[in-house]
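Working through the structure, step by step
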Amino acid sequence: MVTHEFGGDWTSEKLACLGEYLHAYTQILRKNPKAQYLTITYVDAFAGTGYRSKPRIENQDALPSMDFDDADGQSYLKGSARIALEVEPSFHTYLFIDKNPLHIQELERMKLDFPFKSFKIRIEQAEANIFLKGLVCARTDWKTNRAVVFLDPYGMQVDWSLIESIAKTKAIDLWWLFPLGMAVNRLLTRDKMPPEEWATALTKTFGTDDWKREFYSQTTVQTLFGIEDQLCKRAEFDIIGKFIIDRLKTVFTAVADEPLQLCNSRNNPIYLLCFAAGNPTGASTAVKIAKYILERRSSRS
């Protein structure tokens, strides 16, 4: 078996939140007479293999390495794709996307475990940003379709243009595992602007370069050569988190104000689990449910 090496207590927390929400989502829509004509879909844009196991060190080109604590898990556990397939009432369709051909093979094998749902499952080997924007968001009739999209990248693979495309449908509820400390905070150098390549990656993630103004400030310092102005990073985790939530609010109908901060075994923040709702009719209910789930999980940490 090819395993998806991504796990730990924080992973269990994010998957528990997702599973609770999916269960509530399908129950509400299946019981609502006005929603009977809708086709509901679960979309997992970085689906992995359906299982997760011991984490490994991930490198992302020229960006800082994304490392994990070896104590963050050993056993094979259910991943998001399998959790979604176990939810009852079920979704009408499932879309699993992953670039890795070995992950695709395992997802195909996973279908054998769900013989009564296999015809509902679509598996695509593709780049998530391109596939979701061009072949899902842009080409689906959202008058008769609704979806929950789960974005669970390894780092900063999600472009803001994808977030905008998802929000524009006015029909998708989004769960996004935002790489707070795993990637973003690592690119924010302390006493100067990040190098150009890192800055470009940050702007693609946020969809704006306003992060420069929000995360950095000028300060006056005494040096051997007199008083000088110096650029200083002021962005702590809470400032970064507020910034991405405010960004989501610019495109989505409603957003959960308090995302769940997920920490590794050393208690270092690595992700924010964010929720946003696109459909104006159901957004308030969706956010109310998500907030309840997120707040309850947060109180346990």
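Everything below is about the structure printed above this text.
Residues numbered from 1 in each chain as written. Predicted model: local features only at pLDDT ≥ 70, side-chain atom pairs only at ≥ 80, totals over all residues. Heavy atoms only, no water.

1. Concerning the layout of surface pockets
Computed from the structure, the second largest pocket encloses a volume of approximately 440 Å³. Along the wall of the second largest pocket there are 23 residues; nearest its centre are Leu 29, Asn 32, Asn 279, Thr 281 and Gly 282. Contributions of two or more residues to the lining of the second largest pocket are made by helix H1 (9–31), strand S8 (145–151), strand S9 (172–178) and helix H10 (283–300). Take the lining of the second largest pocket: its biggest share by element is five residues, from H1. Looking at side-chain class alone, the lining of the second largest pocket contains 15 nonpolar, five polar and three charged residues. (1 Å grid on protein atoms, 1.4 Å probe; cavity = no way out; pocket = protein on both sides within 12 Å on 5 of 7 lines; lining within 4 Å. Points joined across faces, edges and corners; volume = space filled by probe spheres on them. Helix = DSSP H or I, 4+ residues; strand = E, 2+ residues; numbered from the N terminus. Nonpolar A, V, L, I, M, F, W, Y, C, P; charged D, E, K, R; others polar.)

2. A closer look at the pattern of salt bridges
Summed over all chains, the structure comprises 15 salt bridges. For Glu 214, the salt bridge identified is with Arg 234, shortest N-O distance 3.8 Å. With Glu 214 in helix H8 (residues 211–215) and Arg 234 in the loop between strand S11 (226–233) and helix H9 (237–249), the pair connects residues that are 20 residues apart, well separated along the chain. We classify Arg 234 as partly exposed; its relative accessible area is 36%. Linked by salt bridges that have partners in common, Glu 13, Glu 20, Arg 296 and Arg 297 make up one network. (Salt bridge = Lys/Arg side-chain N within 4 Å of Asp/Glu carboxyl O. Buried < 20%, exposed > 50% of the residue type's maximum accessible area, 1.4 Å probe, protein only.)

3. A closer look at H9
With 13 residues, H9 should cover 18 Å at 1.5 Å per step; its first-to-last C-alpha distance of 19 Å lies within 8% of that length. Restricting attention to buried positions, one finds in H9 the residues Ile 240, Gly 241, Phe 243, Ile 244, Ile 245, Arg 247 and Leu 248. (Expected span 1.5 Å × (residues − 1).)

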